Amino acid sequence: MKISILTLFPEMFTIFDHSIIGRAKENKIVDMDIINIRDFTLDKHKKVDDYPYGGGAGMVMAPQPIVDSIRNAKKSNKGKVIFLGPRGKTLTQAMAKELSKEENLIFLCGHYEGIDERVYKHIDMEISLGDFVLTGGEMAAIPTIDCILRLIPGVLGKEESFMEESFYDGLLEYPQYTRPQNFEGDEVPGILLSGHHENIRKWRRVQSLNITKLRRPDLYKNIILTKEDMKLLKEKKK
């Protein structure tokens with residue numbers, strides 16, 4: 001996948017040069033192009049913002065530098081233009097799965113008090129992380145892009161561990177344990193030491209169901225329980 005990121009702060013995205021995404025870039029699974037919006041302003045002082053018409057606090061990003069940076073990105077990236085903003089749909093794992101199937105994506109990071117309304121006609125999709133305010137679109141773009149890229153085959157390696165992670169199938173993940181077996185008197189559940197893979201699978205499924213029901217009832221109500229799920233939960237109650 002090719003990702004183009006339009007931003008006023010390119011240095012913030014050096015985070016993608018490290019760890020899993022960094023390896024994916026080295027292995028040519030992911031191609032990332034960071035574009036500085038400021039490079040496209042026609043203002044001799046390199047300004048990219050101005051005071052809002054009608055008055056009000058703060059500054060608004062001007063349309064010309066943004067639109068020209070989008071047009072430049074489109075020369076080598078024909079993907080959807082995604083804006084990180086408060087009007088968008090909240091990012092979900094299901095949304096990330098769909099976007100991970102795209103070959104190209106362009107992310108636009110806003111700043112200051114927002115972008116000129118006329119830019120929206122050049123935007124295909126808007127994504128929000130939730131009902132809270134961040135200092136800039138870069139802060140939202142980083143987790144959004146990371147969430148999408150890790151779902152691309154090969155990014156996490158041979159074992160695609162995301163298939164058992166929280167939210168992948170609508171449930172929270174089951175509890176995880178590692179060494180030591182006994183930590184301050186707290187033992188690892190015996191079933192995980194049994195070596196019986198089928199029993200471990202069933203235990204983990206029940207744990208995921210119960211944790212989701214307890215911690216995220218909003219998610220649990222949308223789960224369609226299988227016959228096996230109902231049987232396992234009934235046995236657990238006994």
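The sections below set out a description of the structure shown in this document. As the structure is a computational prediction, the values presented were derived from the model and not from experiment.

## A word on the packing of aromatic side chains
Counted by the stated rule, this structure contains 2 aromatic pairs. On the numbers, 6.3 Å between centres and 20° between planes, the contact of Phe 13 with Phe 16 is stacked. In this structure Phe 13 comes out as buried when scored by relative accessible area, which is 3%. When its relative accessible area of 3% is taken as the criterion, Phe 16 is described as buried. Taking the centre distance of 5.9 Å and the plane angle of 85° together, the rings of Phe 83 and Tyr 120 count as edge-to-face. Within this pair, whereas Phe 83 is found in strand 5 (residues 80-90), its partner Tyr 120 is found in the loop between strand 6 (104-109) and strand 7 (125-128), the two being separated by 37 residues in sequence. On the basis of relative accessible area, Phe 83 is assigned to the buried category, the value being 5%.

## Describing the nonpolar core
Proteins that are soluble and globular tend to have nonpolar side chains buried together. With 29 residues, the main nonpolar core has Ile 3, Met 32, Ile 145 and Leu 149 as its most contacted residues. Secondary-structure elements contributing two or more residues to this core are strand 1 (2-7), helix 1 (19-26), strand 5, helix 3 (93-99), strand 6 and helix 4 (137-149). With 7 residues, the top contributor of residues to this core is helix 4. Setting aside anything within four residues of it in sequence, one finds Ile 145 in contact with Ile 3, Ile 5, Phe 16, Met 32 and Phe 107. By size, the runner-up hydrophobic cluster in this structure holds 18 residues, among which are Ile 35, Ala 73, Leu 108 and Ile 123.

Rules and cut-offs
Residues numbered from 1 in each chain as written. Predicted model: local features only at pLDDT ≥ 70, side-chain atom pairs only at ≥ 80, totals over all residues. Heavy atoms only, no water. Phe/Tyr/Trp six-rings, centres within 6.5 Å; stacked < 30°, edge-to-face > 60°. Buried < 20%, exposed > 50% of the residue type's maximum accessible area, 1.4 Å probe, protein only. Helix = DSSP H or I, 4+ residues; strand = E, 2+ residues; numbered from the N terminus. Core = buried A, V, L, I, M, F, W, Y, C linked by side-chain atoms within 4.5 Å. Contact = heavy atoms within 4.5 Å.

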